[in-house]
Amino acid sequence: MAATKALDAIIIGAGFSGLYMLHKLREKGMNALVLEAGHGVGGTWYWNRYPGARCDIPSLEYCYSFSPELQSEWQWTERYAAQPEILKYLEHVAERFDLNRDIRLGTRVTAAEWDEAAKLWHIDTADGTRFDVPYCIMATGSLSVAKMPDIPGIEGFKGGLHHTADWPRKGVDFTGKRVGVIGTGSSGIQAVPVIAEDAAQVVVYQRTPSFAVPASNRPLTQADITAIRSQYDRLREEARSSFLGFFGGPMPGAAIEQSPEDREKRFEEAWGAGTTGLLQAYEDLLINEESNATAADFARRKIQQLVKNPETARRMTPTGYPIGARRLCSEIGYFEAMNRNNVALVDVRETPIERVEADGVVVGGEKQPLDILVLATGFHAMTGALTKIDIKGVGGQKLKDQWRDGPRSYLGLMVSGFPNMFMVTGPGSPSVLSNMVLSIEQHVDWIAECLGALNAKGASRIEPTAEAEMMWMDHVDAVAQTTLFPKANTWYQGRTRDGRNVFMPYVGGVGPYRDTCNQIAAQGYKGFAIAS
Ligand code: NA7
């Protein structure tokens, strides 16, 4: 057993959350260690190295705000930074704040068990090390466990088989290769046009067509950067109290109340405004079905203009769910790529993939020979990284079992029955339906303040009450039902054993959510049981 008694906290994960958490706990005079499975820092930006990977929130917003020095010295080069640049940024942060000395890389946490008598978490890693610490902070990410498609024979594919979320560090050479891409969410849509540049042939296997808006990416000029920097503090502050955590909010008014001509004009302007543009064109697009339908109709017409083959365009046109209720994708040349001679679309709802064989994919009784198969099939979203660890709380109760009917938490920060275990952007908080970096900073600040307050009080145990947790989950659900989000079948929803959906992110707005968290802290951590 390692001599780690002096540690105050283990932080699991060295992405945006874990890096800042370590910095913040140091500021509070606490001794923390980060355990990270990857062989480098970066979290999601370490693993997701697929071609075309980039953020869909402007770089100048998708970065830390906690250090004015960092903010002014780092120069983003593109409006939407690509994965290598974001990874470099996080590596820079780790060096600049001298974080690396307290990060243990290549260390996968397999189990965490609460010891009520000792008031410690016993944390086990794959290499057989055990850490005993008072506090365990899950900075494990909302989208970090890759989901493999359940297709017969896939494990027997003899070509290159690569999941976008676990991409080889040395890259993949597509030159002259026959490539299949399964999945048309954000990752598939980003990867396809880049792969098609080099590959001999690309077959895109689509199950649900996604709405996608042009990223309108471009290099950032010094004038762009100066314009933001001159008002950074105000923009950051406004984002913190906004609905989604972006700079600038939705335009006022209801889409349905405007004339078709005025609406068309506004949608057209929003279309060119980048990934956060279209859904911000009117403030009611995510709550009013009729208004939403006008935006969906606009986006569908764009697809029909961009994709030249009418049959392919028909297959790629999303129907049956509101625009924005599934993650709105951001594209750079995706629809145009579909017009290339070397790219074909297979609608697997019309012609399902029967099986994968050693050298290809069988669809409609015919084998399509492939050299490489790219799985852009998403994640065990929001709960996957937590349930993958064998977490046992009070009385040996497993988190996996407690969450069988969907995840339950208080504020997305803690779970009843699991004292002293914090989650950064856990289910029940805005997380994936917000600017993640902003939400991460808010959680990390809150957790650090909370631990500081416990230390000041001489307390050593904190746990949400079951009642507070229940009230919060009811609230999360009630708020979700006032929006259009639950009207689509998405990874935002967990499932109960009897098949009901549980909406996981909190969609009451990042501003109101922050106020709630702050008020709860100001009221002596209302809803939490604190003990010495
Ligand atoms: P997503 O958004 O979960 O997309 C996964 C895609 O893979 C989606 O189109 C799925 O279709 C498809 N899929 C999954 N399993 C299969 C099978 N078995 N057959 C065919 N197609 C399948 O993941 P992404 O990585 O693209 O993006 C995740 C987030 O990362 C994104 O929102 C950003 O925040 C960053 P389905 O829709 O389930 O029918």
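Definitions and limits used
- Residues numbered from 1 in each chain as written.
- Predicted model: local features only at pLDDT ≥ 70, side-chain atom pairs only at ≥ 80, totals over all residues.
- Heavy atoms only, no water.
- Near = heavy atom within 4 Å.
- Polar contact = N/O pair within 3.5 Å; in protein donor to acceptor, adjacent residues only side chain to side chain.
- Areas by Shrake-Rupley, 256 points an atom, 1.4 Å probe, with all protein chains shown as cover.
- Nonpolar A, V, L, I, M, F, W, Y, C, P; charged D, E, K, R; others polar.
- Pairing = 2+ DSSP bridges.
- Helix = DSSP H or I, 4+ residues; strand = E, 2+ residues; numbered from the N terminus.
- Contact = heavy atoms within 4.5 Å.
- Axes fitted to C-alpha atoms, helices over the stretch in contact; angles between N-to-C directions.
- Phe/Tyr/Trp six-rings, centres within 6.5 Å; stacked < 30°, edge-to-face > 60°.
- Buried < 20%, exposed > 50% of the residue type's maximum accessible area, 1.4 Å probe, protein only.

Student: Looking at this structure, I do not really get the site of the ligand. What am I missing?
Tutor: Neighbouring residues of the ligand: 17 residues in total, closest S186, S187, R207, T208 and R326. Within the backbone of G185, one N or O atom sits 3.4 Å away from an oxygen atom of the ligand. Between the ligand and A376 there is a distance of 3.2 Å, counted from an oxygen atom to a backbone nitrogen or oxygen. If the ligand stood free it would expose 780 Å²; the protein chains cover 82% of that surface. The residue makeup of the shell around the ligand, split by class, is 6 nonpolar, 8 polar and 3 charged.

Student: Quick question: what am I supposed to make of the sheet that holds strand β2 (residues 32-35) here?
Tutor: Strands in a sheet are paired, the pairing made by backbone hydrogen bonds, and the direction either parallel or antiparallel. The sheet built from 5 strands is open, its strands ordered β3-β2-β1-β7-β19 with parallel pairing. Both edges of this open sheet fall to β3 (103-104) and β19 (421-423), since each of them pairs with a single strand only. The pairing of strand β7 (residues 135-138) with β19 spans 3 bridges and is classified as parallel. Counted as the bridge partner of M138 is M423 from β19. Across the sheet, helix α1 (residues 16-27) lies against β1 (9-12), β2, β3 and β7, angled at about 160° from β1, the strand it touches most.

Student: Would you mind going over the environment of A480 with me for this structure?
Tutor: With respect to the element layout, A480 can be found in helix α15 (residues 466-481). With 25 residues separating them in the primary sequence, A480 and P505 have C-alpha atoms 8.5 Å apart. Other than its neighbours up to four places away in sequence, A480 contacts P486, F503 and V507.

Student: Looking at this structure, I do not really get the packing of aromatic side chains. What am I missing?
Tutor: The description of an aromatic ring pair rests on the distance of the ring centres and on the angle between the ring planes. Here the structure, examined in full by the defined rule, presents 33 aromatic pairs. With a centroid separation of 5.9 Å and an interplanar angle of 80°, the aromatic rings of W45 and Y62 are classed as edge-to-face. With W45 in helix α2 (residues 44-47) and Y62 in the loop between α2 and α3 (68-73), this residue pair connects regions lying 17 residues apart in the sequence. Like W45, the residue Y62 is buried in the burial classification. Relative to F247, the ring of Y232 has its centre 6.3 Å away and its plane inclined at 85°; by these criteria the two rings are edge-to-face. Of this pair, Y232 sits in helix α7 (residues 232-240) while F247 sits in the loop between α7 and α8 (260-271); the two residues are 15 residues apart in sequence, bridging distant segments of the chain.

Fair warning: the whole summary comes from geometry, so function is off the table for now.
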